[in-house]
Amino acid sequence: MSDILKVENLCKEYPSFRLDNVSFSVKKGTVMGFIGRNGAGKTTTLKAIMNMVHATNGTVEIFGLDIKKHEKQIKQSTGYAGGTVNYYKNKKICRILDITKSFFNSWDDETCKKYLQLFSIDPNKTPSQLSEGMKVKLSLAIALSHNAQLLILDEPTSGLDPVSRAELLEIFKLLKNQGIAILFSTHITSDLENCADDITYIRDGRIIYTGSLENFTCGKKLESVMINFEKEAFYEKAGL
């Protein structure tokens, strides 16, 4: 399978934090979970991939194209949903969708309608009338409505009830069977065990592991493996 997303030696300098040569790739028709503690660099990495944060060094290729040189073209076929997206809270959702679709050549009204119905989103409501979980669903509906071949999602299951989370994970499985690649960050390890093929594990801005979920866990629960990794890192840092 070919790489849809390829990240190489990505660096971003902040006064108190650094992304340090982050490298990994996501293949067509696979789901990759992006894991790590709060502050490890997950959101910064995802935003750098989308060129929303300008990397200090490194390259990001999507569909074989450099994001810095072909950003507009790439984003036509890439769906992004971040946990901090704020819509005009008093505008009707149908109006927000009318504005949003003007940016995408491949926007599909029927697909959008399908996901609004699936997620039980009333287009005549405003974002201020939605719960946080429903706002996440709206972001996903938008990301899925322009025939994206790559989805980059920051904590997409955050705030969703267990049934909605299960529905979303089933959608991920259907999408990857259609050849769509999905990269999503999460703290809910059971979500990854249900749908992820691969994981990328980041700690303090550095990639600790990237590859098969099965090889990483070796039959153990992902949560327990992560806890053990973090314990070892803590003891090492503390000199114990």
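Remember, it's a predicted structure, so these values are computed and weren't measured experimentally.

Caption draft 1: Expanded view of the packing of aromatic side chains. Per the stated rule, a full pass over the model turns up six aromatic pairs. Between tyrosine 115 and phenylalanine 119 the ring centres are 6.0 Å apart and the planes differ by 35°, which places this aromatic pair in the tilted class. A relative accessible area of 8% places tyrosine 115 in the buried class. A residue is classified by how much of its surface remains accessible, and phenylalanine 119, at 3% relative accessible area, is buried. One aromatic cluster is present, formed by Tyr201, Tyr209 and Phe216 through successive ring pairs.

Caption draft 2: Seen up close, unusual backbone geometry. For asparagine 21, which is not glycine, the phi dihedral falls at a positive 50°. Looking at where asparagine 21 falls in the secondary structure, it is placed in strand β2 (residues 18–27). A positive phi angle, close to 65°, is found at asparagine 51, a residue other than glycine. Relative to the helices and strands, asparagine 51 is located in the loop between α1 (42–49) and β4 (57–62). Taking relative accessible area as the criterion, asparagine 51 reaches 12% and is therefore assigned buried.

Caption draft 3: Highlighting the nonpolar core. The biggest cluster of nonpolar side chains holds 44 residues, and the ones touching the most others in it are Leu151 and Ile182. Looking at this core, the element that brings in the most residues is helix α5 (residues 132–143), giving seven residues. Leucine 151 has contacts with Gly79, Ala143, Leu144, Leu175, Ile180, Ala181, Ile182 and Leu183, leaving out every residue within four places of it along the chain. Ranked by size, the runner-up nonpolar core spans 27 residues in total, among them Ala55, Val60, Leu183 and Ile202.

Caption draft 4: Spotlight on α1. The buried fraction of α1 amounts to six of the eight residues, a majority that puts the element mostly inside the structure. Regarding α1, the residues found buried are Lys42, Thr44, Thr45, Leu46, Ala48 and Ile49. Of the residues trailing α1, asparagine 51 is marked for its positive phi of about 65°.

Caption draft 5: How the structure looks around the sheet that holds strand β3 (residues 31–35). Read from one edge to the other, the open sheet built from six strands follows the order β6-β7-β8-β3-β9-β10, with strand pairing classed as mixed. Looking at which strands have only one partner, the edges of the open sheet turn out to be β6 (78–81) and β10 (206–212). Taken pair by pair, the neighbouring strands of this sheet meet at an average axis angle of 10°, ignoring direction. Taken together, the six bridges between strand β9 (residues 198–203) and β10 define a ladder with antiparallel strand orientation.

Caption draft 6: Quick look at the sheet that holds strand β5 (residues 65–66). Strand order across the open sheet formed by four strands is β2-β1-β4-β5, with antiparallel pairing between neighbours. Two strands in the sheet have a free side with no partner beyond their single neighbour: β2 and β5. Two elements, strand β1 (residues 3–13) and β2, share seven bridges in a ladder whose sense is antiparallel. Bridge pairing in β2 links lysine 12 to leucine 19.

Caption draft 7: Examining the pairing of β3 more closely. Counting buried positions along β3 gives five out of five residues, so the element sits mostly inside the fold. Side chains of β3 alternate between two faces, with Val31, Gly33 and Ile35 and Met32 and Phe34 buried alike. Bridge analysis of β3 against strand β8 (residues 181–185) gives four bridges, and the strand direction is parallel. Opposite glycine 33, over in β8, you have phenylalanine 184 as the bridge partner. Here four bridges tie β3 to β9, and the two strands are oriented parallel to one another. When the sheet's bridge partners are listed, methionine 32 is paired in β9 with aspartate 198.

Caption draft 8: View of helix α6 (residues 162–177). With 16 residues, α6 ought to run about 22 Å at 1.5 Å a step, and its terminal C-alpha atoms sit 23 Å apart, in line with that. Buried residues of α6: Ser164, Arg165, Leu168, Leu169, Ile171, Phe172, Leu175 and Lys176, and no others. Down the axis of α6, the buried side of the element spans an arc of 155°, and every buried residue falls inside it. More than 90 degrees from the buried face of α6, the exposed residues found are Pro162, Val163, Leu174 and Asn177. The inward-facing, buried residues of α6 abut β3, α4 (109–118), α5, β7 (150–154), β8 and α7 (189–195). Measuring from the side-chain oxygen of the N-cap residue of α6 to the backbone nitrogen of valine 163 gives 3.1 Å; that N-cap residue is aspartate 161.

Scoring rules and cut-offs
- Residues numbered from 1 in each chain as written.
- Predicted model: local features only at pLDDT ≥ 70, side-chain atom pairs only at ≥ 80, totals over all residues.
- Heavy atoms only, no water.
- Phe/Tyr/Trp six-rings, centres within 6.5 Å; stacked < 30°, edge-to-face > 60°.
- Buried < 20%, exposed > 50% of the residue type's maximum accessible area, 1.4 Å probe, protein only.
- Helix = DSSP H or I, 4+ residues; strand = E, 2+ residues; numbered from the N terminus.
- Core = buried A, V, L, I, M, F, W, Y, C linked by side-chain atoms within 4.5 Å.
- Contact = heavy atoms within 4.5 Å.
- Pairing = 2+ DSSP bridges.
- Axes fitted to C-alpha atoms, helices over the stretch in contact; angles between N-to-C directions.
- Expected span 1.5 Å × (residues − 1).
- Arc of directions from axis to C-beta.
- Polar contact = N/O pair within 3.5 Å; in protein donor to acceptor, adjacent residues only side chain to side chain.

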